[in-house]
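Structural description and commentary
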Amino acid sequence: MSITRKRFLQSMTGGTVVLLIQGCGGGGSSSGTGTTTATGNPYGNPMPTTGCGASGAEIANNHGHLLTIPSADLSSTTDKSYSIMGAATHDHMVTLTAAQLAALKAGQVVTVTSTVTDAPSFGSHSHSVTVSCA
C-alpha cells in the first residue's frame with residue numbers, strides 16, 4: 001500500500017499545492033468504483049492512487065467524502081454524475097460536463113460544487129470539489 005507524492009503533499013499542505021501528473025489510469029464503472037486504491041485517508045475510505053477524483057482536503061469541509069472518476073469517462077461526450085458519499089454518513093452528487101471531463105483528460109484541474117444535502121450533525125450544506133487526475 002502506498003500513497004502518491006501528490007496525495008502526501010496535499011495532506012501536508014491542506015490541499016493548497018496541486019501537482020499535476022500526466023495521464024489518467026484506472027478504470028471501472030461510472031458508480032465510482034473499480035480503480036486501484038490505497039488506504040491512508042483520514043476518514044478511512046480508500047484514496048485513488050491512479051485515475052481521477054478528489055478526497056481529503058480536495059473536497060472543502062470534507063467529513064469523509066470521496067470522488068473517483070473512471071478513466072473511460074474522460075472521453076465521454078455527455079455529462080456524467082457521481083456520488084461522493086465515501087465514508088460519510090450522507091451523500092452528495094457532483095456533475096461534470098463533457099467539457100470538464102475533456103479538461104481533466106488534458107491534465108487540467110476542475111472545480112465543481114456538489115448538490116446540497118441536509119444531513120444530521122452537518123445541516124444543509126454542499127461541498128466545493130477540486131478534481132484532478134493522478
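Note on numbering: residues in each chain are counted from 1, in written sequence order. Two thresholds apply to this predicted model, a pLDDT of at least 70 for residue-level local features and 80 or more for giving and counting side-chain atom pairs, whereas whole-chain, interface and lining totals are computed over all residues. Think of the side-chain values as coming from all heavy atoms in the structure, minus any hydrogens and water.

1. Things to note about the confidence of the model for the protein
Taken over all residues, the pLDDT of the protein has a mean of 74, while the share at 70 or more is 63%. On a scale of 0 to 100, pLDDT captures the predictor's confidence in every residue. The contact criterion used throughout is that any non-hydrogen atoms of two residues lie within 4.5 Å. Contacts of residues 7-49 to residues separated by more than four positions or lying in other chains number 84 contacts, the stretch itself having pLDDT below 50.

2. A few points about the state of the cysteines
In what follows, a disulfide is any cysteine sulfur pair within 2.5 Å. For the structure shown, the criterion picks out 1 disulfide. Here Cys 52 is linked by a disulfide to Cys 133, with a sulfur-sulfur distance of 2.0 Å. The S-S bond linking Cys 52 to Cys 133 shows a torsion near 95 degrees; that makes this disulfide right-handed. Of this pair, Cys 52 sits in strand S3 (residues 52-55) while Cys 133 sits in strand S10 (residues 128-133), and the two are 81 residues apart along the sequence. This pair shows no difference in class: Cys 52 is buried, exactly as Cys 133 is. Where helices and strands are cited, they refer to DSSP runs of H or I of at least four residues and of E of at least two residues respectively, numbered from the N terminus. Between buried and exposed lies partly exposed: a residue is buried under 20% and exposed over 50% of the maximum accessible area for its type, with that area taken using a 1.4 Å probe on protein chains only.

3. Brief notes about the nonpolar core
Of all hydrophobic cores here, the largest spans 18 residues; its most connected members are Leu 67, Ile 69, Leu 96, Leu 104 and Val 129. If we skip the residues at most four places from it in the chain, Ile 69 touches Cys 52, Gly 53, Leu 74, Tyr 82, Leu 96, Leu 101, Leu 104 and Val 131. Working definition of a nonpolar core: buried Ala, Val, Leu, Ile, Met, Phe, Trp, Tyr and Cys residues. They are joined through side-chain atoms within 4.5 Å.

4. Here's the deal with helix H2 (residues 98-105)
Within the span of H2, buried status applies to Leu 101, Ala 103 and Leu 104. Angular distribution of buried residues about the axis of H2 spans 155 degrees; they occupy a single face of the element. Structural note: H2 exposes Ala 99 and Lys 105 on the side pointing more than 90 degrees away from its buried face. On its buried face, H2 is in contact with strand S4 (66-69), strand S5 (80-83), strand S6 (93-96), strand S7 (110-113) and S10. The first or second residue beyond H2 is Gly 107, which carries a positive phi of 90 degrees. The reported arc concerns the directions from the helix axis to the C-beta atoms and nothing else.

5. Some thoughts on the sheet that holds S3
Any two strands with at least two DSSP bridges between them are considered paired. Read from one edge of the open sheet, 4 strands run S4-S3-S10-S7, paired in antiparallel fashion. Each edge of the open sheet carries a strand with a single partner, namely S4 and S7. The sheet shows a mean angle of 25 degrees between the axes of neighbouring strands, taken without regard to direction. Between the N-to-C directions of two axes lies an angle of 0 to 180 degrees, each axis being a line fitted to C-alpha atoms and, for a helix, fitted only over the stretch in contact. Strand contacts of H2: S4, S7 and S10, with the helix running at about 145 degrees to S7, the strand carrying the most contacts.

6. Regarding the environment of Leu 101
Among the secondary structure elements, Leu 101 is positioned in helix H2. Along the primary structure Leu 101 and Asp 73 are separated by 28 residues, whereas in three dimensions their C-alpha atoms are 7.2 Å apart.

7. A word on the side chain of His 90
Along the chain, the position of His 90 falls in the loop between S5 and S6. What makes His 90 buried here is its relative accessible area of 7%. Within polar-contact distance, the side chain of His 90 engages the side chain of His 92 at 3.3 Å. Setting aside residues up to four positions removed in sequence, His 90 forms contacts with His 63, His 65, Met 85, Thr 117, Ala 119, Phe 122 and His 125. In protein, a polar contact means a hydrogen-donor-capable atom and an acceptor-capable atom, both N or O and within 3.5 Å, with residues adjacent in sequence counting only if both atoms are side-chain atoms; elsewhere, any N or O pair within 3.5 Å suffices.

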